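# Remarks on the overall topology
Letter by letter, the chains look like this.
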Amino acid sequence: MEPVNAAIIYYSATGTLHALARAAAEGAEKAGAHVRLRRVAETAPPEVINSRPAWAEHLRDTADVPQADLDDLAWADVVLFGTPTRFGNPASQLRAFMESTSALWFNGGLADKVYSAFTASNTPHGGQESTILALGNTFYHWGGIIVPPGYTDPVQFTSGNPYGTSHVAGGGPPDDVTLEAARHQARRAVNTAAALKAGRAA
Ligand SMILES: Cc1cc2nc3c(=O)[nH]c(=O)nc-3n(C[C@H](O)[C@H](O)[C@H](O)COP(=O)(O)O)c2cc1C
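Structure report, in brief. (Residues numbered from 1 in each chain as written. Predicted model: local features only at pLDDT ≥ 70, side-chain atom pairs only at ≥ 80, totals over all residues.)

We now examine the overall build of the protein. The secondary structure content of the protein amounts to 9 helices and 7 strands. The C-alpha atoms of the protein give a radius of gyration of 16 Å, which matches the 17 Å a tight globule of 202 residues would have. With 202 residues in all, the protein has 46% of them scored as buried. Contacts in the protein between residues far apart in sequence, at least 24 positions, make up 79% of those at least 6 positions apart. (Helix = DSSP H or I, 4+ residues; strand = E, 2+ residues; numbered from the N terminus. Rg over C-alpha atoms; globule rule 2.2 N^0.38 Å. Buried ≥ 20, exposed ≤ 12 C-beta atoms within 10 Å, placed from the backbone. Contact = placed C-beta atoms within 7 Å.)

Right, here's the structure in full:
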């Protein structure tokens, strides 16, 4: 059987989501998938970005990460989306990308794929689950198969978010536990997509 195609599509202003996305890409590769790690386009004006040096620096540092486009979604059997929590919701940069998919959606090009999501917020109760659930609204509209991590691996009992890997960025960059949770989430999503692909081919 052809390997599963996995797209890891994320937005990150200051690097947290980038770190989680890289860990998810590692997990997907370990599970045998062909992986595309993609960042969505930045839409904030330069003066806003430059007002936060860490934001401007991260943009420069990740300029070589290819930008997500619609072909990445069409190509993928499984898509993991990563976004910072912004007032309890996904970042507008990721939403702008998702809202550019109408033609693909209309033609059924987003249905029957596996979807999963991960996030970060500054504070522990800052809206991680609401952000992941908000992405889920769109996955329903797309006719997606939502695969959350649940408590399906021992790491989940330490990292503690069954909705999707989540990190409290106010405490510093993601630690090994959170990165392993992201790897596990991606492995699980890829394994589910592989089972679906095999079943459909039979
Ligand atoms: C406009 C804006 C809104 C935010 N809203 C929240 C929020 O609702 N809850 C929270 O805990 N953190 C909030 N944050 C903090 C971000 O979630 C945090 O900086 C982000 O997860 C870091 O990810 P990144 O390093 O990948 O950009 C907000 C940040 C910005 C700029």
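There's plenty left to go through after this.
Turning to the pairing of strand β2 (residues 34–39), a few remarks are in order. Both faces of the sheet carry side chains from a regular strand, because those side chains alternate between them. By the bridge criterion, 6 bridges tie strand β1 (residues 5–10) to β2 in an arrangement that is parallel. Bridge pairing in β2 links asparagine 5 to histidine 34. Regarding the hand of the β-α-β motif, the stretch spanning β1, helix α1 (residues 16–30) and β2 is right-handed. (Pairing = 2+ DSSP bridges. Right-handed = clockwise from strand over helix to strand, strands pointing away.)

Right, let's talk about the nonpolar core for a bit. In terms of nonpolar packing, the biggest core is built from 53 residues, with Ala6, Ile8, Ala24, Ala28 and Val190 touching the most fellow members. Elements supplying a minimum of two residues to this core: β1, α1, β2, β3 (78–86), α5 (92–98), β5 (114–121), α7 (128–142) and α9 (176–201). Residues in contact with isoleucine 8, not counting those within four places in the same chain, are Ala21, Ala24, Ala25, Ala28, Val35, Leu37, Arg38 and Leu80. (Core = buried A, V, L, I, M, F, W, Y, C linked by C-beta atoms within 7 Å.)

Further remarks concern the site of the ligand. Around the ligand sit 18 residues in total, of which Ser12, Thr16, Pro84, Ser121 and Gly126 are the nearest. Elements supplying a minimum of two residues to the shell around the ligand: α1, β3 and β5. Of all the elements, β3 adds the most residues to the shell around the ligand, at 3 residues. Among the residues forming the shell around the ligand, the class breakdown is 6 nonpolar, 11 polar and 1 charged. (Near = placed C-beta within 6 Å. Nonpolar A, V, L, I, M, F, W, Y, C, P; charged D, E, K, R; others polar.)

The next subject is the packing of α1 against α9. Two numbers describe how α1 lies on α9: the axes approach to 7 Å, and their chain directions differ by 45°. For the element pair α1 / α9, the angle class is oblique. Relative to α9, the crossing made by α1 is right-handed. Here Leu20, Ala23, Ala24, Glu26, Gly27, Ala28 and Lys30 of α1 come into contact with α9, specifically with Leu179, Ala182, Arg183, His184, Gln185, Ala186, Arg187 and Val190. (Axes fitted to C-alpha atoms, helices over the stretch in contact; angles between N-to-C directions. Parallel < 35°, antiparallel > 145°, perpendicular 65-115°, else oblique. Left-handed = near helix turned anticlockwise from the far one by under 90°.)

A few words now on the environment of glycine 136. For glycine 136, the position within the fold is in helix α7. The class of glycine 136 is partly exposed, set by 18 C-beta atoms lying within 10 Å. Counting along the chain gives 19 residues from glycine 136 to alanine 117, while the straight-line C-alpha distance between them is 8.2 Å.

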